[in-house]
Amino acid sequence: MNLKKKLPPNRSYKQIKNQYLVEKSIAERLKKADRQERKRIFETMYDELFEQVPDHPRLTRRNSDQLTLKANEEKFSLVNKYVDKSTVFLEFAPGDCRLSFKVAKHVKKIFGVDISDQRNPKDSVPENFKLIVYDGYNLNEIESNSIDVVFSDQLIEHFHPEDTKLHFELVHRILKNGGKYIFRTPHPHSGPHDISKYFCHEAKGFHLKEWTYTEINNMLQDIGYKGFRTFWHGGGFTFRMPYIYFRICEKFLELFPKRYIKKVAKFLIPSLYGVAVK
């Protein structure tokens with residue numbers, strides 16, 4: 001298999017290829033599965049991945065307090081202006097929950113929602129934090145119209161395409177009127193952003209679908225969100241940009257072959273960062 005991208009300095013070709021093949025195999029099973037079967041795969045997919053790919057970067061970052069702190073500082077910068085001591089906050093896929101623990105100091109109440117408990121038993125848990133383990137679909141523990149701010153980072157791309165709208169509908173249900181869903185996800189024109197980037201021009205690993213601003217905007221309108229605030233976000237910089245900017249860039253870039261789009265898109269649309277308003 002020919003490389004499309006230079007290998008990272010701390011991993012070999014054999015390691016990268018192994019991760020690609022493992023992720024691709026599991027992703028293909030997910031794409032073919034019905035909803036019930038997807039639930040069963042979700043329960044074990046990361047255990048299967050980490051068992052077969054012990055050098056996976058997520059395991060490396062998990063064992064590095066410095067890398068975890070740096071990543072959480074960046075995520076906190078995305079949400080801190082939307083919260084105060086009266087805020088009820090919910091984070092989807094909090095992982096080790098350390099970002100949620102940080103946010104807990106600045107809000108009234110915080111929920112973490114994930115498909116498994118990935119916390120470090122040694123970490124102290126804030127009194128205003130509650131973890132909810134769910135099946136990826138049903139969230140009956142959270143009342144309708146009860147959450148001020150919802151946050152997810154690098155989550156939406158992992159959903160089966162059929163399930164993404166269900167996720168945004170769930171978020172719409174639990175948000176208060178005027179509540180906000182802050183989310184960041186890879187943009188396909190500057191990708192793929194999963195392990196596939198080393199071997200092909202389309203996401204074939206655990207990123208089951210990378211979304212455009214146009215696709216997300218259309219979905220939000222169908223569900224009934226009142227607004228969609230869009231931002232240019234990359235290289236540590238964030239700028240509020242009108243949706244029409246991204247719409248025009250996407251239409252322009254789609255005129256070119258995928259292998260050329262990425263080189264331009266990394267400057268025009270490095271990622272997808274938005275705030276959906278109920």
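Residues numbered from 1 in each chain as written. Predicted model: local features only at pLDDT ≥ 70, side-chain atom pairs only at ≥ 80, totals over all residues. Heavy atoms only, no water.

## Remarks on the overall build of the protein
Which entries qualify depends on this criterion: For the purposes of this entry, the term helix denotes a DSSP run of H or I that reaches at least four residues, the term strand denotes a run of E that reaches at least two, and both are numbered from the N terminus. In this description the radius of gyration comes from C-alpha coordinates, and the expected globular size is given by 2.2 Å times residues to the power 0.38. Burial classification: accessible surface area is computed with a 1.4 Å probe over protein chains only, and a residue below 20% of its type maximum counts as buried, one above 50% as exposed, and the rest as partly exposed. Here, residues are in contact when the closest pair of their heavy atoms is within 4.5 Å. Computed with a 1.4 Å probe, the accessible areas rest on the Shrake-Rupley method; for each residue, only the protein chains presented here act as cover.
Scanning the protein for helices and strands turns up nine helices and eight strands. By the compact-globule yardstick of 19 Å for 278 residues, the protein fits well, its C-alpha radius of gyration being 19 Å. Counting the 278 residues in the protein, one finds 49% classified as buried. Long-range contacts, defined here as pairs at least 24 residues apart, represent 65% of the contacts in the protein between residues at least 6 apart. By element, 51% of the accessible surface of the protein is carried by carbon and sulfur atoms, the whole surface being about 14200 Å².

## Regarding the sheet that holds strand β2 (residues 109-114)
Note the following rule: In this description, strands pair whenever DSSP reports at least two bridges between them. The axes are straight lines fitted to the C-alpha atoms, using for helices just the contacting stretch, and the angles between their N-to-C directions are given from 0 to 180°.
Within the open sheet, the eight strands sit side by side as β3-β2-β1-β4-β5-β8-β6-β7. Their pairing is mixed. Across the chains shown, the open sheet's two edge strands, defined by having one partner strand only, are β3 (129-133) and β7 (237-240). Within this sheet the neighbouring strands show an average axis-to-axis angle of 20°, counted without direction. With five bridges connecting them, β2 and β3 associate as parallel partners. Across the sheet, residue Gly112 finds its bridge partner in β3, namely Leu131. Contacting β1 (88-92), β4 (147-153) and β5 (175-185), helix α6 (residues 161-174) runs over the sheet at an angle of about 145° to β5.

## Some thoughts on the nonpolar core
Worth spelling out the cut-off: Nine residue types can take part in a nonpolar core, namely buried Ala, Val, Leu, Ile, Met, Phe, Trp, Tyr and Cys, and a core is a set of them joined through side-chain atoms within 4.5 Å.
If you look at the biggest cluster of nonpolar residues, it comprises 38 residues, and the most contacted ones within it are Leu90, Phe92, Leu139, Val150, Phe168, Tyr181 and Phe183. A total of five residues in this core trace back to one element, the largest contributor, which is helix α7 (residues 213-223). Not counting residues within four places of it along the chain, the set of residues in contact with Tyr181 comprises Val150, Phe151, Ser152, Ile156, His167, Phe168, Val171, Leu175, Gly274, Val275 and Ala276. Ranked by size, the runner-up nonpolar core spans 22 residues in total, among them Val83, Leu99, Phe101 and Val277.

## Some thoughts on the packing of aromatic side chains
Which entries qualify depends on this criterion: Only Phe, Tyr and Trp rings are paired, with Trp represented by its six-membered ring, and only when their centres lie within 6.5 Å; those with planes under 30 degrees apart are stacked, over 60 edge-to-face, the remainder tilted. The criterion for a charge sitting over a ring is simple: Lys NZ or Arg CZ within 6 Å of the ring centre, and within 35 degrees of the ring normal.
In the structure shown here, the tally under the stated rule is 17 aromatic pairs. On the numbers, 5.0 Å between centres and 80° between planes, the contact of Tyr245 with Phe246 is edge-to-face. Residue Phe246 is classed as buried on the basis of its relative accessible area of 0%. Three or more aromatic residues joined by ring pairs make a cluster, and in this case those are Phe168, Tyr181, Phe183, Tyr213, Phe228, Tyr245 and Phe246. A cation over a ring is seen here: Lys102 above Phe76, with NZ or CZ 5.0 Å from the ring centre. Lying over the aromatic face of Phe111, Lys109 brings its terminal NZ or CZ to 5.3 Å of the ring centre.

## Focus on helix α9 (residues 258-268)
For clarity, the cut-off: Taken from the helix axis, the directions to the C-beta atoms give the arc we talk about.
Taken residue by residue, α9 has Lys258, Ile261 and Ala265 as its buried positions. With its buried residues spanning 40° around the axis, α9 presents them on a single face. Of the residues in α9, the exposed ones pointing more than 90 degrees away from the buried face are Lys263 and Phe267. Packing partners of the buried residues in α9 comprise α8 (243-253).

## Details of unusual backbone geometry
The step from Gly191 to Pro192 runs through a cis peptide bond, and the omega angle for that step is 15°. Inspection of the secondary structure puts Pro192 in the loop between β5 and α7. One non-glycine residue with positive phi stands out, namely Asn145, at about 55°.

## Observations regarding the pairing of β7
Where strand β6 (residues 227-234) meets β7, four bridges bridge the pair, whose relative direction is antiparallel. In the sheet register, Trp232 faces β7, and the bridge partner there is Phe239. A loop of two residues connects β6 with β7, the two strands running antiparallel in sequence, and Gly235 in this loop sits at a positive phi of about 60°.

## Looking at the pattern of salt bridges
Note the threshold: The salt bridge definition used is simple: a Lys or Arg side-chain nitrogen within 4 Å of an Asp or Glu carboxyl oxygen.
Scanning the model with the defined rule gives 15 salt bridges in all. Across the pair Lys102 and Glu73 runs a salt bridge whose closest N-O atoms are separated by 3.3 Å. With Lys102 in helix α5 (residues 98-103) and Glu73 in helix α4 (residues 65-79), the pair connects residues that are 29 residues apart, well separated along the chain. You can call Lys102 partly exposed: its relative accessible area is 23%. Put simply, Asp153 and Lys75 hold a salt bridge, and the shortest N to O gap is 4.0 Å. Within this pair, whereas Asp153 is found in strand β4, its partner Lys75 is found in helix α4, the two being separated by 78 residues in sequence. According to the relative accessible area criterion, Lys75 is partly exposed, its value standing at 21%. Via salt bridges that share partners, Arg35, Arg38, Glu162 and Asp163 belong to a single interconnected network.

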